[in-house]
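What follows is the residue order along each chain.
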Amino acid sequence: MKKMGDMLLRQEPFSEIVMGNTAIVRAMVEAGTRVVTSYPGSPTPEIAAAVASIPKDARPFYFEFSTNEKVATEVAYGAALNGHLSTVFFKSVGLNVAADTFVQLSLMNIIGGMVVVLGDDPGANSSQNEQDNRHYAYLSYTPVLEPANPQEVYRFYLEAADLSRKLCMPIILRLTTHVCHAKEKVAFQGWTPQPADDTPRFDVANGPYIPITRLVFPMKARALENLEKVAAWAEKSRLNQVFDHGNRKRGVITMGPPCLSLLDVMRDVEEKPDILKLGVVYPVPRESVVRFLREHQEVKVLEELDNELEKEVKAIAYDLGLTTRVTGKMDADDWMGEYTPDKVRQVMAKTWPDLVPAPVAPPVAVEAVPDRPPQMCPGCGHRSAFHAIRQALAGTDITVADIGCHTLGFLPPYHMGQLLMCMGASTGMGSGLSLFNKTRKVVTFMGDSTFFHAGLPGIINAIFNRHNITMIVMENGTTAMTGHQDHAASGRNFNEVTDKIPIRRILEGLGISHISEVDTYQQEQLGKLVQEAVAVEGFSVVIARHPCMLKFTREQRRRPDFTLRQVEIDQETCERLHVCVSEFGCPTFTLGKDGSVKVNTDLCIGDGSCLQACPTAAIGKPKIVNKAG
Amino acid sequence: MKSYNVYMSGVGGQGIGMFSEALVRAADHAGYTVKAVDTHGLAQRGGIVVSQVRIGETVHTPLVSRRSADLVIALERHEAQRALIEMTATGGVLVFYDTVWQPLDVRLGKAPEVETAQVEALCRQLGVECARVFSPDLPDTRMQNIAVLACICRRNLIEKVSADHFRQAMTDLMAGGMLENNLALFDRELQRN
Ligand SMILES: Cc1ncc(C[n+]2csc(CCOP(=O)(O)OP(=O)(O)O)c2C)c(N)n1
C-alpha cells in the first residue's frame with residue numbers, strides 16, 4: 001500500500017496521483033511552512049486528513065484545528081509575526097467569521113509570510129451559499145492566486161508562499177470545490193529538510209502592529225503599495241497564461257476551473273478563440289489585459305459567480321478608449337452555479353451562437369427517479385432526539401436549526417428546525433422570535449462543535465437579556481458533518497489527548513439554572529425533559545447526548561472481535577402501522593410494495609434505537625448476524 | 001483512445017471513493033492520462049455520491065458533460081436509473097450493482113421503487129449496453145464494488161486496462177487481510193459469466 005504520509009515527505013522528486021487538497025500539503029512541506037491552522041469545512045477538511053497522514057513527530061510544521069476560523073487566522077498571524085511562514089485554511093463562509101481579523105492583515109508587516117487558503121464553493125455543493133470571496137480581496141487589499149487543478153494548487157501555493165514571505169503580506173490562495181477534490185498525477189520537486197529556526201522574532205520595530213487613529217493611514221498606504229508591487233509582479237508571472245489559437249477576432253479572459261471547462265467545450269470548435277487565463281486574479285494584471293484587448297475585436301469575460309473581473313476589464317477598456325467589444329454576464333443565470341462544461345457551453349452559446357451551438361439535451365421521456373436528499377445515518381442520536389422532541393412540542397411551536405448534521409432534521413418526516421442561517425445563529429434568531437411571543441414556544445438546536453465555534457455569544461446574550469427560549473444541545477462528541485474532527489469537548493485535539501471542556505459546566509458557570517441532560521436514545525425521558533424545559537420562564541437548556549454512530553460504528557468495525565448485530569421485524573406481530581418508516585424514518589427500514597416493512601441488511605447497525613418507535617413491539621432486539629465486519 | 005468518460009454514482013457509505021481511486025490508478029498503470037473528481041462532504045450522509053473520471057490526453061476538466069459518459073457505473077439501482085437518464089451517452093455502457101437503498105420518498109410511500117426491468121428497458125430505449133451485477137454470496141456487502149470492478153475488467157470495458165492493472169491499483173490502496181480478501185474476491189468474480 002502506498003502511504004500518503006511517506007509520499008508527502010519524500011526527498012527525491014516524484015509524481016503521484018493526488019487530489020488538490022493533498023498536493024497543497026506537499027507544497028507546505030517544500031515551502032518550509034511552520035504553522036498551519038484551520039477550522040473544518042467542506043471543501044477543505046481533506047487538507048487536514050493529508051496532514052494527519054504524516055506522523056506527528058515527523059511533521060515539519062505545527063497544525064491545529066482552532067475553535068473557529070477567526071481564531072485560526074489569529075493563531076496563524078501571531079506565528080507569522082514571530083517569523084514563521086504560516087497558513088490558515090477554511091471553507092468559503094469561514095471567511096465571514098474570520099473577517100474582522102482578516103481584513104486587517106494586509107495592514108501588517110507579517111515578517112514570516114502568511115497564506116490564506118480559501119475553499120470557495122460555487123454551486124453551493126456543501127455550503128449555505130456560494131459567496132464569491134474575491135470581494136473580500138478587494139475589501140482588504142489582499143492579492144488572490146487561483147489555481148485550476150491539483151498541479152496548479154501545488155505550484156501556486158509555492159508562489160504564494162514565496163511572494164508572501166518576500167513582501168511580508170498575506171496572500172489568498174483561492175481554491176474551489178472541484179479543485180480541492182480533483183485528482184490527477186502531479187509532478188513534485190525534491191525536498192531537502194532544513195533546520196528550523198524557532199527564535200521568536202517578534203519585534204515592535206517591524207510594526208506598527210497597532211492600527212488606531214493616525215497610524216491606520218501609513219499602514220493602509222503600505223497595503224496599497226504592496227498591492228502595486230504584486231500587480232507589477234503579476235504582469236511577468238507565469239501563473240497567467242495565454243492560449244494563442246491565432247484568433248485575432250475573438251478572445252476569452254477567464255481563470256481557474258471555468259477555463260478548463262472552456263478548453264473542453266472548444267475542443268472541436270474550428271475557430272477557437274484565444275484565451276487569457278489569469279492565475280493572479282487580484283490585482284488584475286492590467287498590461288496583460290490591455291494587450292489582449294488590443295489584439296481582439298471581441299472579448300468575453302468568462303467568470304464563475306460574480307462579475308469582478310468583468311468590471312475591471314470594462315474599466316480598463318473605457319480608460320484607454322478601446323473599441324474592443326467586452327461581454328461579461330448576460331443574465332442572472334450567469335451569476336449562479338458552478339461553471340461546469342455544460343454551463344460554460346450554455347454561456348458561450350448565448351455569447352457567440354455561431355461558434356458554439358446551444359446544447360441539445362434530448363429529454364428522456366421516463367418517470368423521474370425519486371430524489372435522494374442526504375439524511376441522518378442509521379443509529380444517529382439526532383434522529384432519536386427529533387422523533388421524541390417532535391412529539392413533545394405543539395405543532396405551532398417554532399424550532400430553529402443550526403449548522404451540523406442535525407440541520408437535516410428539517411426534512412420529512414421530522415420537520416424539526418424551520419429556519420437556518422449560519423454557525424451559532426440559532427440562539428440569537430430564537431431570541432428574536434420569542435419577543436412579544438406568548439403563544440408559541442421557541443426551541444433552538446445547536447451542535448457541540450458549533451457551541452464552541454460561534455454559539456457562546458448568542459447564549460450569553462440570551463441569559464444577559466433574559467430571553468425566553470429553550471436550547472437543545474445536540475451533543476455527539478465530534479464535528480460530525482465535516483468528517484469527525486475533534487473539538488474542545490471531545491477530549492482530544494488534533495495532536496494529543498486533552499481535558500474535555502464540559503458544555504454543561506460552562507452553562508452552569510454562566511448561571512443557567514434550568515439544565516437537564518439525557519441520552520437521546522431515552523426518547524420518552526427526552527420528551528419529558530423538553531416539555532419541562534419549555535414550561536420554564538427564561539432560558540432553559542436540554543443537553544441531548546449520544547455519540548456519533550457513524551464514527552462509533554467505523555471504530556467498532558476495525559476491532560478484531562467485532563460482531564455485527566441487526567434488528568429484525570417480526571412479520572407476524574407487525575401491524576403495518578409504518579411508524580418506523582414514516583415517522584422514525586431510519587433509512588434501514590424499507591417499504592415493500594405490499595406494505596410490509598423490511599430491514600436493509602446493508603444498512604442496519606443494530607443500535608436498536610428504533611425499538612421504542614414501534615407501537616406493536618414488532619422490532620426484535622438486535623441479534624448477531626453471520627457477517628464479518 | 002480520444003477520450004473516455006466514466007461517471008460513477010452510488011449512495012454515501014457504499015465506497016464510491018475507493019472504487020473510483022482504484023479505477024483511476026488502474027488506468028494510470030495502463031499508461032493513460034487520467035483526471036478525476038469526487039463529491040465529498042454533505043452528500044455522504046446517505047445522499048448521492050458521485051465520482052467522475054476522464055481518460056485521455058486532450059482532457060482538461062475532470063467534469064463529465066451531460067449525456068456524454070461512455071461508461072456509467074452505479075452501485076445502487078435508483079442511482080443507476082438516475083445516472084442513465086442524466087449522463088449516459090448513446091452507445092455507452094451501464095454497469096450497475098443491483099441492490100436497493102430506498103430513497104426517502106420511496107420509504108415514505110410517496111414514490112414507487114425503481115425496478116430492475118425499468119433500468120434494462122431504458123437501456124434498450126437509449127441504445128445503452130446494460131450489465132447488471134449481483135453476487136448473492138459476498139462475504140461482506142461492502143465488497144459489492146469489487147464485484148463491479150471485476151465486471152468492468154471481465155468485459156474489457158476500458159481499452160487496455162487489464163486485470164493486472166486493477167490488481168496493481170488495489171495493491172496501491174490496501175494492505176494486509178483487506179487486500180487479500182479483495183484480491184481473492186476480484187479473481188473469483190473475474191471467473192463469473
Ligand atoms: C463558518 C462555518 N464554518 C464551517 C462550516 C462547516 N460545517 C458545516 S456542518 C459543521 C459541523 C458542526 O458540528 P457540530 O455543531 O458538532 O454538529 P454535528 O455535525 O456534529 O451534528 C461544520 C463545521 C460552516 N458551515 N460554517
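Just above sits the structure.
Criteria and cut-off values
Residues numbered from 1 in each chain as written. Chains lettered and ligands numbered in written order. Predicted model: local features only at pLDDT ≥ 70, side-chain atom pairs only at ≥ 80, totals over all residues. Heavy atoms only, no water. Helix = DSSP H or I, 4+ residues; strand = E, 2+ residues; numbered from the N terminus. Pairing = 2+ DSSP bridges. Axes fitted to C-alpha atoms, helices over the stretch in contact; angles between N-to-C directions. Contact = heavy atoms within 4.5 Å. Buried area = accessible area lost by both parts, 1.4 Å probe. Salt bridge = Lys/Arg side-chain N within 4 Å of Asp/Glu carboxyl O. Polar contact = N/O pair within 3.5 Å; in protein donor to acceptor, adjacent residues only side chain to side chain. Nonpolar A, V, L, I, M, F, W, Y, C, P; charged D, E, K, R; others polar. Phe/Tyr/Trp six-rings, centres within 6.5 Å; stacked < 30°, edge-to-face > 60°. Buried < 20%, exposed > 50% of the residue type's maximum accessible area, 1.4 Å probe, protein only.

## Some points on the environment of A:Pro45
Item 1. In this fold, A:Pro45 is placed in helix H3 (residues 45–52).
Item 2. Linking A:Pro45 and A:Thr482, residues 437 residues apart in sequence, is a C-alpha distance of 7.0 Å.

## A closer look at the sheet that holds strand E3 (residues 48–55) of chain B
Across a sheet, strands are paired by hydrogen bonds formed along the backbone, either parallel or antiparallel in direction.
Item 1. An order of E1(A)-E8(A)-E2(B)-E3(B)-E1(B)-E4(B)-E5(B)-E6(B) is seen for the 8 strands of this open sheet, with the pairing classed as mixed. Each edge of the open sheet is held by one strand with a lone partner, namely strand E1 (14–19) of chain A together with strand E6 (129–133) of chain B. On average, each strand axis in the sheet is tilted by 20° relative to the strand beside it, whichever way the strands run.
Item 2. Relative to the sheet, helix H4 (residues 116–126) of chain B contacts strand E5 (88–97) and E6 of chain B, its axis offset from that of E5(B) by approximately 160°.

## Description of the interface of chain B and chain A
Item 1. Facing 66 residues of chain B, the contacting portion of chain A comprises 65 residues.
Item 2. Between chain B and chain A, a total of about 5,500 Å² is buried, with carbon and sulfur atoms accounting for 54% of that surface.
Item 3. Joining chain B to chain A, the criterion identifies 10 salt bridges.
Item 4. In this structure, the salt-bridge partner of A:Lys593 is B:Glu115, at a minimum N-O distance of 2.8 Å.
Item 5. Taken together, chain B and chain A are joined by 27 residue pairs in polar contact (both at pLDDT 80 or more).
Item 6. Those elements giving two or more residues to the side of chain B that touches chain A turn out to be helix H1 (16–29), strand E2 (34–38), E3, helix H2 (77–87), helix H3 (104–107), H4 and helix H6 (163–173) of chain B.
Item 7. Element by element, the count of residues in the side of chain B that touches chain A is highest for H1(B), at 6 residues.
Item 8. Across the side of chain B that touches chain A, the residue classes break down as 27 nonpolar, 20 polar and 19 charged.
Item 9. Taken together, the 3 bridges between strand E8 (residues 182–188) of chain A and E2(B) define a ladder with antiparallel strand orientation. Considered in E2(B), the bridge of A:Glu184 is made with B:Lys35.

## Some thoughts on the packing of aromatic side chains
Residue and element names in this part refer to chain A.
Item 1. Considering all chains together, one arrives at 14 aromatic pairs over all chains under this definition.
Item 2. Geometrically, the ring pair formed by Phe 14 and Phe 188 is tilted, given 5.0 Å between the ring centres and 35° between the ring planes. Linking Phe 14 in strand E1 with Phe 188 in strand E8, this pair joins segments that are 174 residues apart in sequence.
Item 3. Judged by centre distance (6.3 Å) and plane angle (35°), the ring pair of Phe 386 and Tyr 414 falls under tilted.

## Remarks on the pattern of salt bridges
Close approach of charged atoms lets side chains of opposite charge pair.
Item 1. Going through the model one piece at a time under the given rule, you end up with 54 salt bridges over all chains.
Item 2. Note that A:Asp264 and B:Arg54 form a salt bridge whose closest N and O atoms lie 2.6 Å from each other. In this pair, A:Asp264 sits in helix H10 (residues 256–265) while B:Arg54 sits in strand E3, so the two residues belong to two different chains. The two residues A:Asp264 and B:Arg54 agree in class, both being buried.
Item 3. Between A:Arg372 and B:Glu79 there is a salt bridge, with the nearest N and O atoms lying 2.5 Å from each other. Residue A:Arg372 is located in the loop between helix H13 (341–351) and helix H14 (381–392), and its partner B:Glu79 is located in helix H2; the two belong to separate chains. Accessibility classification places A:Arg372 together with B:Glu79 in one group, the buried group.
Item 4. Taken together, the shared-partner salt bridges connect A:Lys2, A:Glu16, A:Lys183, B:Glu21, B:Arg25, B:Asp38 and B:Asp172 into one network.

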